[in-house]
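In case you want the letters, here they are:
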Amino acid sequence: MDGARSVNQGTRGGEAAKGEKLADWADGRLGLYALAKANMRKVFPDHWSFMLGEVCLYSFLILILTGVYLTLFFEPSGVEVVYHGSYEPLNGVVMTRAYESTLDISFDVRGGLLIRQIHHWAALVFVTGMLVHMMRVFFTGAFRKPRELNWVFGWTLLFLGIITGLTGYSLPDDLLSGTGIRFADGAILSVPIVGTYLSFFLFGGEFPGHDIIPRLFPIHVLVLPGIMLGLVVAHLILVFYHKHTQYPGPGRDNKSVVGMPFLPVYMAKAGGFFFLTFGVLALMGGLAQINPVWAFGPYSPHLVTTGAQPDWYLGFSEGLIRVMPGWEINFWGHTLEPGVFIPFSLFPLILLALGVYPFVEAWITGDKREHHILDRPRNVPVRTGLGVAWLSLYVVLLIGGGNDIVATHLHLSINAITWFVRVSVFVVPVLAFVVTKRVCLGLQRRDRDKVLHGRETGTIRRLPHGEYVEVHEQLAQAQLHTLTQHEQEPPYEIGPLVDANGVRRPVRRSQRVRAGLARAMFGPDTRIGKPTVEEYREVTSGDHHH
């Protein structure tokens, strides 16, 4: 037995030595040890809202996996063929090879319909997750220094995700997607002077042509996903490089992070969450029908589907065009279509307003410090109001993009809905901003009262002189810290216009604009002062909590 034990120990020792040699060899050439030591134990804070970014990442991975499978069977060809396949109602119908291969995937390829539907649902979840994730970042101020570049990466991913969804939505060449391409062609034609040339270049001649699907296919499966994959990698590298943002709380500041190590805790949770996301998308793909192309039939330029609607993330762009008056200008023998071109131009501008906001706020505040503690939305009411106003505009235009569906389902006049949207585009964002700002100020007042007077317990006590009062319970130190951790820096000011020698100081117009915006966004009217130490001691020193 002693001899056997010695042999086994020697074998294990030999294996360990070989493993160490392999590790040393890899570390000497790749520097893996230093890289792993610096990052594998990196601490990440834990909060449910941080999972929104993970939903985007996992949906993107699922899109790649399912997209590779679909690419093996899809033929991006505009050549016309006569269908003779498993779906009997369309037998003998002339269609493009792209549409025929889509039907083959749906009815003849094993698991093809399931993969198609998982792919489409994953696309919707991906774009939805990006928008919700960016809203979380926006409302909490996670875009501030040093994360402005990461915000730009995220915004670019959102924009490219919308374009990728449009190109993929158009590939099957069914009547619904063909109507969407016709819509896009009309928007391109509205571009003054060069619109016709752009349309001819894109479609290879008169609409619809035979080149649009073969051209969209490499853009959808190679160009845009490749760019997005690079941006995702860069986005994750910056998340690792910067300390992760975290919500206010005890022990959390700009120099320390409270959370769990990346390995093994965070990786174990992330792995489980990936399979959970995949499972939910698979369940949706198996039970919830989406984009039944066989019900629409092949695309034909002289036909249009009833209730043709794009996916939700493009609905607001269609809403812009549907609610715009049908203006037309004839100028020197040329026809200009501002009724289409203006809303077509507003589509990227509305998204651009979201993309450039961090830089505008940084210029207004002049704050060059690093920020790793998130804002509570209530403590920055103007920013929160602007975000809600942007979202309300998005929703209003989404209603405009489906005005026919809303009219038929709610038995309303489509003209009444159109005019409602036209008015709401200007009114609803303003109302949303005002209401949100007042709600935020009200919540700030409630936080101040809770700090000074404690939490309402619901217990009523009668005092000796007959007065009834509610018993308040003083907050724990951790809660007090969370409610008072935010900063209330004074807004940027121009300063005195006359110096000590009585000489008038020159002030640029940009400085005046900056000071006005700073006062409007971060001035006294946008905040309720935090309780001072003296106020807190004065209130809590006596029997103020009953």
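Bear in mind that the values here come from a model prediction, so they are computed numbers and not experimental data. (Residues numbered from 1 in each chain as written. Predicted model: local features only at pLDDT ≥ 70, side-chain atom pairs only at ≥ 80, totals over all residues. Heavy atoms only, no water.)

1. As for the pattern of salt bridges
Counted under the stated rule, the structure contains 15 salt bridges. Here Glu318 makes a salt bridge to Arg322, at a shortest N to O gap of 2.4 Å. Residue Glu318 and its partner Arg322 are both found in helix 12 (residues 312-323); the two are separated by four residues, about one turn of the helix. Arg383 is paired through a salt bridge with Glu361; the nearest N and O atoms lie 2.9 Å apart. Residue Arg383 is found in helix 14 (residues 381-401), and its partner Glu361 is found in helix 13 (residues 338-365); the two are separated by 22 residues along the sequence. Residue classification places Glu361 among the buried positions, given a relative accessible area of 5%. Salt bridges sharing common partners tie together Glu75, Arg97, Glu100 and Asp104. (Salt bridge = Lys/Arg side-chain N within 4 Å of Asp/Glu carboxyl O. Helix = DSSP H or I, 4+ residues; strand = E, 2+ residues; numbered from the N terminus. Buried < 20%, exposed > 50% of the residue type's maximum accessible area, 1.4 Å probe, protein only.)

2. A look at unusual backbone geometry
Looking along the chain, the bond that leaves Lys145 and enters Pro146 is cis, with omega of 10°. Between Phe207 and Pro208 the backbone carries a cis peptide bond, its omega angle lying at 0°. Within the secondary structure, Pro208 is located in the loop between helix 8 (195-203) and helix 9 (212-241). A positive phi angle, near 60°, is found at Asp173, a position not held by glycine.

3. So, empty space enclosed by the protein
Summary: where empty space remains is shown by rolling a probe the size of a single water molecule over the atoms. Inspection of every chain in the model, using the stated rule, returns one cavity of 30 Å³ or more. Space inside the largest cavity adds up to approximately 80 Å³. Lining the largest cavity, in full, are Asn379, Gln444, Asp447, Arg448, Val451, Leu483, Thr484, His486, Ile528, Gly529, Lys530 and Pro531. Broken down by secondary-structure element, the contributors of at least two residues to the lining of the largest cavity are helix 16 (414-453) and helix 17 (477-484). (1 Å grid on protein atoms, 1.4 Å probe; cavity = no way out; pocket = protein on both sides within 12 Å on 5 of 7 lines; lining within 4 Å. Points joined across faces, edges and corners; volume = space filled by probe spheres on them.)

4. Topic: the pairing of strand 7 (residues 455-462)
With zero of eight residues buried, strand 7 lies mostly on the surface of the structure. Examined bridge by bridge, strand 7 and strand 8 (residues 468-473) share five bridges and lie antiparallel to one another. Bridging from a neighbouring strand, Arg455 pairs with Glu473 of strand 8. Two successive antiparallel strands, strand 7 and strand 8, enclose a turn made up of five residues, where Gly466 displays a positive phi of approximately 100°. (Pairing = 2+ DSSP bridges.)

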